[in-house]
Amino acid sequence: MTTSLQRRRYLQYGLQGLLGLGTLSSADWLQAQERRAIVLGQSAPLTGPASQLGLQMQAGAKLFFDALNSSGGVGGLPVVLRTMDDGYEPERCKANTEKFINDEVFALFGYVGTPTSLAALPLVNQHKIPFFAPLTGAQSLRDPFSRWVFHLRASYFDETALIVNQLTQLGLKRISVFHQNDAYGQAGLSGVQRALKTQNLDPLAVATVERNSVDVAKAVKALVQGQHPDGIVMVSAYKSCAAFIREARKAGYGGVFYNVSFVGTQALSDELGKDAAGVVVSQVVPYPMGQATGVVAEYQAALQKAGGDGKANYTAMEGFLAAKVFTEGLRRMGAKPSRESLVNALEGMRDFNAGGFRVKFTPQDHVGSNFVELSMLTGDGRVKR
């Protein structure tokens, strides 16, 4: 006999006619549920030095999808987000993507990172599966254009242009770059070089750190000792950036640190504690803390309703916003949902107001927003705009 919980689940998803009322294993029940659901695949770091990025992106998306499902889903179908851990390693992400494709998920959603997303990209194009809102601003995922890839966020070119512009307006022109030694770091470095070139400048010095490493001693020596930069632009994840900031300050560096959004603002603040004071981070989604309206108020209300110890943060805000925009695409698919109709629906979102955050997709342009602003960490857990 089935349990009362199983019976409630059958009724919720309309599965009693599909499966009868025989005893089901949890795996069979999940598989059956997903036959009557819109299933999305997400590969993200849930463990390792970049885990907070994946966990927060997932948490923000689930906040939206859980609220959506409690009110009936889309056309009566729930949206199920299946997340697999890739540890921020490309080969693991590729394997996860292959599994999602073999399992015939409807779309790929909210991948985290440049090197991991690049590992998935050939499979996305080969199997013609929508790839929505990866947490990366790398140009290599935007050019060449892919009909199947949709970006919610501004690019690293946009972020680094704003950073360099502010530094130089303040008269700070001796600018060095600390970056992750992979496609993500190279994308950020290229953005800084591009922005500096418009002012006939070059980086003062450049140094790297390996992905998922906090071995920053060589980078500190290369950028701080004897160089005396006015500012250091950082293009890595929160663990390595926090390690670099601490060691640079120990070495006597008194200049400013600027990070691009992928660093993970809350995670960086948590890692640094009081040492976070004065660190600047560029942002590509609205400020998620304090008094708010529109989608930010919606996010805060969902977070409060969910309870627990979750705090409002930029990465989760991005996940929530991505889920909201993606759901709008699902709603516009029409009577015959398919991957093709989803792409067509998204391309028709020429001026979608997602609660104060405007998104524009066209058949020729799949970058939904160029919004960028700067924020500053206070050292007491808060973030100021």
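Each remark here, short or long, concerns the structure printed above.
Visitor: Is there a simple way to think about the sheet that holds strand β1 (residues 38-44) in this case?
Guide: Sheet strands associate in pairs through backbone hydrogen bonding, adopting either a parallel or an antiparallel arrangement. The strand order β2-β1-β3-β4-β5 describes an open sheet built from five strands, whose pairing is parallel. Because the sheet does not close on itself, it has two edges, and the strands there are β2 (79-85) and β5 (149-150). On the sheet, helix α13 (residues 314-331) packs against β1, β2, β3 (107-109) and β4 (131-132) and is oriented at approximately 155 degrees with respect to β3.

Visitor: Mind showing me how you'd approach the pairing of strand β7 (residues 206-209) here?
Guide: Put simply, side chains in a regular strand alternate between the two faces of the sheet. Burial of the side chains of β7 is restricted to one face: Ala207 and Val209 are buried, whereas none of Val206 and Thr208 on the reverse face is. In this structure, strand β6 (residues 175-180) lies alongside β7, joined through four bridges in parallel fashion. Its bridge partner lying in β7, Val177 is registered against Val206. Taking the sense of rotation as the criterion, the β-α-β connection linking β6, helix α8 (residues 183-197) and β7 turns out right-handed.

Visitor: Would you mind showing me how to read helix α4 (residues 51-70) here?
Guide: Two residues of an α-helix separated by three or four positions point the same way, owing to the 3.6 residues in each turn. With 20 residues, α4 extends 28 Å from end C-alpha to end C-alpha; this agrees with the ideal 28 Å at 1.5 Å per step. Among all positions of α4, only Ser51, Leu53, Gly54, Gln56, Met57, Gln58, Gly60, Ala61, Leu63, Phe64, Phe65 and Leu68 are buried. Backbone geometry just downstream of α4 places Gly72 in the positive-phi region, at approximately 110 degrees.

Visitor: What is the right way to look at the sheet that holds strand β14 (residues 383-384) in this model?
Guide: Ordered by their spatial adjacency, seven strands build an open sheet running β7-β6-β8-β9-β10-β13-β14, and the pairing between neighbours is mixed. Each of the sheet's edge strands pairs with one partner strand only, and the pair in question is β7 and β14. Where strand β8 (residues 231-235) meets strand β9 (residues 256-259), four bridges bridge the pair, whose relative direction is parallel. Looking across to β9, one finds that Gly231 is bridged to Val256.

So, how was this worked out
- Residues numbered from 1 in each chain as written.
- Predicted model: local features only at pLDDT ≥ 70, side-chain atom pairs only at ≥ 80, totals over all residues.
- Heavy atoms only, no water.
- Pairing = 2+ DSSP bridges.
- Helix = DSSP H or I, 4+ residues; strand = E, 2+ residues; numbered from the N terminus.
- Contact = heavy atoms within 4.5 Å.
- Axes fitted to C-alpha atoms, helices over the stretch in contact; angles between N-to-C directions.
- Buried < 20%, exposed > 50% of the residue type's maximum accessible area, 1.4 Å probe, protein only.
- Right-handed = clockwise from strand over helix to strand, strands pointing away.
- Expected span 1.5 Å × (residues − 1).

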